[in-house]
Amino acid sequence: MLADKSLRLAVMASGLLAILAVLWFVKSGLYPFIIAFFFAYLLNPAVSRLENRGISRRLSILVVYGVVFGTLTVVGIWGIPLLIRELEGFGQDLPLIIRQGEEWIQYIQSQYQNSSLPNSLRLEIDNALLVVQEDIQRIIATVVNSLIGLVSHAIGLMVTPILAYYLLIDWHKWEERILSLLPARWQQECILTGRDIDTVLSGIIRGQIMIALIVGLLVTIGLHLLKVPYALLIGIVAGMVDIIPYFGAIIGATPAITLALLTSPWLAAKVSILFIVIHQLEGSVIGPKILGENAGLHPLSVIFFLFAGGELAGVAGMLLSVPLAAIGKVLLRHMLRIMMSS
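Rules used throughout
- Per chain, residue numbering runs from 1 following the sequence as it is written.
- Per-residue local features of the predicted model are confined to residues with pLDDT of at least 70, and side-chain atom pairs are confined, for both listing and counting, to 80 or more; whole-chain, interface and lining totals are unaffected and use all residues.
- In computing side-chain properties, one takes all heavy atoms of the structure into account and sets aside hydrogens as well as water.
- Helix and strand assignments follow DSSP, with helices taken as H or I runs no shorter than four residues and strands as E runs no shorter than two, numbered in order from the N terminus.
- Only protein chains enter the accessibility calculation, which uses a 1.4 Å probe; a residue whose area is less than 20% of its type maximum is buried, one above 50% is exposed, and one in between is partly exposed.
- Residues count as neighbours in contact if any of their non-hydrogen atoms are within 4.5 Å of one another.
- Note on aromatic pairs: the rings of Phe, Tyr and Trp (six-membered ring only in Trp) are paired at centre separations within 6.5 Å, and the planes decide the class, stacked below 30 degrees, edge-to-face beyond 60, tilted for the rest.
- One fewer than the residue count of a helix, multiplied by 1.5 Å, yields its expected span.
- Two axes enter the bend calculation: one fitted to the seven residues ending at the residue in question, the other to the seven starting there, and the bend is the angle between them.
- Joining through side-chain atoms within 4.5 Å is the link that ties buried Ala, Val, Leu, Ile, Met, Phe, Trp, Tyr and Cys residues into a set, and such a set is a nonpolar core.
- When a carboxyl oxygen of Asp or Glu is within 4 Å of a side-chain nitrogen of Lys or Arg, the pair counts as a salt bridge.
- Surface patches are drawn from residues lacking salt bridges whose relative accessible area is over 30%; two like charges belong together within 9 Å, two nonpolar side chains (Val, Leu, Ile, Met, Phe, Trp, Tyr) within 5 Å.
- Only the protein chains shown count as cover for residues, and the accessible areas themselves come from Shrake-Rupley with a 1.4 Å probe.
- All axes are obtained by fitting lines to C-alpha atoms, using only the stretch in contact for helices, and the reported angles, taken between N-to-C directions, cover 0 to 180 degrees.
- Convention used here: angles under 35 degrees read as roughly parallel, angles over 145 as roughly antiparallel, angles from 65 to 115 as roughly perpendicular, and any remaining angle as oblique.
- Each helix crossing is assigned a hand: it is left-handed if the near helix lies turned anticlockwise from the far helix by less than a right angle, otherwise right-handed if that turn is clockwise.
- Note on residue categories: nonpolar means Ala, Val, Leu, Ile, Met, Phe, Trp, Tyr, Cys or Pro, charged means Asp, Glu, Lys or Arg, and polar means any other residue, Gly included.
- Under this definition, polar contacts are N or O atom pairs within 3.5 Å; protein pairs additionally need one hydrogen-donor-capable and one acceptor-capable atom, and for neighbouring residues in sequence, both atoms have to be side-chain atoms.
- Every residue carries a pLDDT, the predictor's confidence in it, which falls somewhere between 0 and 100.

Caption draft 1: Quick peek at the overall build of the protein chain. Looking only at helices and strands, the protein chain features 11 helices and zero strands. Mapped in sequence order, the helices and strands of the protein chain form the string α-α-α-α-α-α-α-α-α-α-α. Within the protein chain, the fraction of its 342 residues that count as buried is 29%. Nonlocal contacts in the protein chain, meaning residues at least 24 apart in sequence, comprise 70% of its contacts between residues at least 6 apart.

Following this line, the structure appears as structure tokens:
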């Protein structure tokens, strides 16, 4: 009996690994399906809520689509022309910004090179400033390349709402089909596992996206009031990187403080205070209110997984590390419960 169980588990694991291997080889063409799945996952609770009130699922999807795309259209009509103007201005001012940054670094170097600091310490400071300069240029290049990448994948992105629609239509059927592939005695445990995973992902993905939108809006408004150039562009970047726990706030503040520093140290200080206030508001009010304790991970373990994910797969690894770790914790807990009960 035990041998039969082990054989079935081995066959299922082998099949899963084979599917994952195939998906890995064709991963470059899967991005519309991946985006569509996450889009459908984000909208499914709203669709299900309307469906539970007696509205047909197709009509519920259309209503949710209308609200989402209507909001995006209104925001786009106002924001896209402004964003294009900021991008054009940023492209024109970029050589000047780089030159001002180099002059600022040279000024700092001239100040401490004439001091009584040891030569070895001066060399270390020179290297540190060079690293900062390279990091800033790398961040700028990453933002530009990301925008170009969005344009190049425009066709795939246009298809994703259609794919998400069909996923939402058959969402419950997909759940039933997956359950039907499992032995009857495992189905109840798998349902409980799926609910726990959904709770975790709801806290991390849906919650973090909501927090990122709020942080991006607060940063844009704050920088606009402080008259920092490219407030909307910096706010979008700050909101996007805020999805990364702990480190996102630092990454998002770097370009804003750098641009402000090129204007005046006093403006840089005010921008720094702005980001500290927003970060404290996020950590003490917004985050706990939206996320709660759904992730179930200790802050030290979150930082560890962020470092590990960044080392393995860069920014994408940092984005995926915490959700995958939280899912892994749920799966491990249920696997141990199954093993102890059998």
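Structure's up, so let's keep going.
Caption draft 2: Looking closely at the packing of aromatic side chains. Per the stated rule, a full pass over the model turns up seven aromatic pairs. On the numbers, 5.9 Å between centres and 75° between planes, the contact of Phe37 with Phe38 is edge-to-face. Under the relative-accessibility criterion, Phe38 is labelled partly exposed at 37%. Between the aromatic rings of Tyr65 and Phe69, the centroid separation amounts to 5.3 Å while the plane-to-plane angle is 70°, which identifies the pairing as edge-to-face. With Tyr65 and Phe69 both in helix H3 (residues 57–113), this residue pair falls four residues apart, about one helical turn. According to the relative accessible area criterion, Phe69 is partly exposed, its value standing at 30%.

Caption draft 3: Broad picture of helix H2 (residues 31–52). An ideal rise of 1.5 Å per residue puts 32 Å on 22 residues; H2 measures up with 31 Å between its terminal C-alpha atoms. A maximum bend of about 40° is found in H2 at Leu43, where proline Pro45 lies one to four positions downstream. Along H2, the positions that sit buried rather than exposed are Pro32, Ala36, Ala40, Tyr41, Leu43, Asn44, Val47, Ser48 and Leu50.

Caption draft 4: Local environment of the nonpolar core. If you look at the biggest cluster of nonpolar residues, it comprises 27 residues, and the most contacted ones within it are Ile61, Tyr65, Leu168, Leu201 and Leu306. Among the secondary structure elements, those contributing two or more residues to this core are H2, H3, helix H5 (154–169), helix H7 (184–225) and helix H11 (299–341). Counting residues per element, this core draws most heavily on H11, which supplies seven residues. Filtering out sequence-adjacent residues up to four positions away, Ile61 remains in contact with Val47, Tyr165, Leu168 and Ile169. Ile211, Tyr230, Ile234 and Ala268 belong to the second-largest nonpolar core, a separate cluster that totals 22 residues.

Caption draft 5: Up close: the pattern of salt bridges. On inspection of all chains with the given rule, the structure shows two salt bridges. The partner of Arg57 in a salt bridge is Glu51, with the nearest N and O atoms 2.7 Å apart. Note that Lys173 and Asp170 form a salt bridge whose closest N and O atoms lie 3.9 Å from each other.

Caption draft 6: Region of the structure containing H7. Spanning 42 residues, H7 covers 61 Å between terminal C-alpha atoms, matching the ideal 62 Å at 1.5 Å per step. The largest bend in H7 is about 30°, located at Ser202. Looking one or two places after H7, you find Lys227, whose phi comes out positive at around 60°.

Caption draft 7: Focus on the environment of Leu192. Position of Leu192 among the secondary structure elements: in helix H7. Considering only alpha carbons, one finds Leu192 and His334, 142 residues apart in sequence, at a separation of 8.7 Å.

Caption draft 8: View of a nonpolar patch on the surface. A cluster of nonpolar side chains, Ile209, Met210, Leu213, Ile243, Leu319, Leu320 and Leu324, forms an exposed patch at the surface whose accessible area comes to about 620 Å². Counting residues per element, the ones that place at least two in the nonpolar patch are H7 and H11. For Ile243, the location among the structural elements is in the loop between helix H8 (231–241) and helix H9 (247–263). A relative accessible area of 32% places Ile243 in the partly exposed class.

Caption draft 9: Quick look at the packing of H7 against H8. The interhelical angle for the contact between H7 and H8, taken along N-to-C directions, is 155°, at an axis separation of 8 Å. Taken as axis vectors, H7 and H8 run roughly antiparallel relative to one another. Relative to H8, H7 is oriented so that their crossing is right-handed. Across from Ala212, Gly216, Val219, Thr220, Leu223 and His224 in H7, the residues of H8 making contact are Ala231, Leu232, Ile234, Gly235, Ile236, Ala238 and Gly239. Taken together, the residues that form the contact of H7 with H8 break down as eight nonpolar, five polar and no charged.

Caption draft 10: Region of the structure containing the side chain of Thr220. Inspection of the secondary structure assignment puts Thr220 in helix H7. Separated by 2.8 Å, the side chain of Thr220 and the backbone oxygen of Gly216 make a polar contact. Once residues within four sequence positions are removed from consideration, Thr220 is found in contact with Ala231, Leu232, Gly235 and Ile236.

Caption draft 11: The environment of Phe39, seen in detail. With respect to the helices and strands, the residue Phe39 is situated in helix H2. When the C-alpha atoms of Phe39 and Leu167 are compared, they prove to be 9.6 Å apart, with 128 residues separating the residues in sequence. Discounting residues that sit within four places of it in the chain, Phe39 has contacts with Tyr65, Val68, Phe69 and Ala164.

Caption draft 12: Summary view of the confidence of the model for the protein chain. For the protein chain, the average pLDDT comes to 76, and 70% of its residues sit at 70 or higher. Model confidence for the protein chain, summarised as mean pLDDT per element, is weakest for helix H4 (residues 119–152) at 64 and strongest for H2 at 86.

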